[in-house]
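Geometric and topological summary
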Amino acid sequence: QVQLVESGGGLVQAGGSLRLSCAASGSILSITAMGWYRQAPGKQRELVATIISGGSTNYADSVKGRFTISRDNAKNTVYLQMNSLKPEDTAVYYCNFNVRTYGSSWHRAYWGQGTQVTVSS
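Bear in mind the structure is a predicted one, so any value in this text is a computation, not a measurement.

Overview of the overall build of the protein
- A count of helical and extended segments in the protein gives zero helices and 11 strands.
- Taken from the N to the C terminus, the helices and strands of the protein come in the order β-β-β-β-β-β-β-β-β-β-β.
- In terms of C-alpha radius of gyration, the protein reaches 14 Å, essentially the compact-globule figure of 14 Å for 121 residues.
- By its C-alpha atoms, the protein is 50 × 25 × 25 Å across when sized along the principal axes.
- Across the 121 residues that make up the protein, the buried fraction comes to 41%.
- Considering only contacts in the protein between residues 6 or more positions apart, those separated by 24 or more positions represent 57%.
- Summed over all atoms, the accessible surface of the protein reaches about 6300 Å², with 47% contributed by carbon and sulfur.

In structure tokens, the structure reads:
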């Protein structure tokens, strides 16, 4: 099927930067939307940013101007550049791809395993 592997999380001081990556592999015919979500302890998972195949992006208000999402279609990879990090950005970050596999008639969502981002004050 399809596997999503994330990397790039870690511990950083407030004001610092991190870059997350998420690469998909498997029997992939096409990918429409790619996105990043996050879940802090005791909170619901929330949208951080999305990017569709045409390149249009969408961001949560809380990260606008600080985070940048981008994609490399040739590598089936999405990136999240996070600058000016704040303690409230601390969460597990998950990537999400909308994938159509060979032999399938439609797209479905796949999730990464999650990567921890911790921002210290």
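The discussion continues.
Focus on the environment of Leu85
- Along the chain, Leu85 turns up in the loop between β8 (77-82) and β9 (91-101).
- By relative accessible area, which is 2% here, Leu85 ends up buried.
- Between the C-alpha atom of Leu85 and that of Ser17, which follows or precedes it by 68 residues, the distance is 6.2 Å.
- Every residue in contact with Leu85, bar those within four places of it in the chain, is listed here: Val12, Ala14, Gly15, Gly16, Ser17, Leu18, Arg66, Phe67 and Val119.

Things to note about the state of the cysteines
- With the rule as written, the count across this model stands at one disulfide.
- Each sulfur of the disulfide joining Cys22 and Cys95 lies 2.0 Å from the other. Between Cys22 and Cys95 the sulfur-sulfur dihedral comes to about 45°; the bridge is accordingly right-handed. With a gap of 73 residues between them, Cys22 in strand β3 (residues 18-26) and Cys95 in strand β9 connect regions that are remote in the sequence. Considered together, Cys22 and Cys95 belong to a single accessibility category, that of buried residues.

Comments concerning the packing of aromatic side chains
- All told, the structure shown has one aromatic pair when counted by the stated rule.
- Between Tyr37 and Trp111, the aromatic rings sit 5.1 Å apart at their centres with planes inclined by 65°, giving edge-to-face as the arrangement. With Tyr37 in strand β4 (residues 28-39) and Trp111 in strand β10 (residues 108-111), this pair connects stretches of sequence that are 74 residues apart.
- Residue classification places Tyr37 among the partly exposed residues on the basis of a relative accessible area of 22%.
- In this structure, Arg45 packs its charged tip against the face of Tyr94, placed 3.7 Å from the ring centre.

Points about the nonpolar core
- Residues Trp36, Leu80, Met82, Tyr93 and Phe97 are the most contacted members of the largest nonpolar core, which totals 32 residues.
- Those elements giving two or more residues to this core turn out to be β1 (2-7), β3, β4, β5 (46-51), β7 (67-72), β8, β9 and β11 (115-120).
- By residue number, the principal contributor to this core is β9, which donates five residues.
- Discounting residues that sit within four places of it in the chain, Leu80 has contacts with Leu18, Arg19, Leu20, Trp36, Val48, Ala49, Phe67, Thr68, Ile69 and Tyr93.

The rules behind the values
Residues numbered from 1 in each chain as written. Predicted model: local features only at pLDDT ≥ 70, side-chain atom pairs only at ≥ 80, totals over all residues. Heavy atoms only, no water. Helix = DSSP H or I, 4+ residues; strand = E, 2+ residues; numbered from the N terminus. Rg over C-alpha atoms; globule rule 2.2 N^0.38 Å. Buried < 20%, exposed > 50% of the residue type's maximum accessible area, 1.4 Å probe, protein only. Contact = heavy atoms within 4.5 Å. Areas by Shrake-Rupley, 256 points an atom, 1.4 Å probe, with all protein chains shown as cover. Disulfide = S-S within 2.5 Å. Phe/Tyr/Trp six-rings, centres within 6.5 Å; stacked < 30°, edge-to-face > 60°. Lys NZ or Arg CZ within 6 Å of the ring centre and 35° of its normal. Core = buried A, V, L, I, M, F, W, Y, C linked by side-chain atoms within 4.5 Å.

Worth remembering: the numbers are spatial, not functional.
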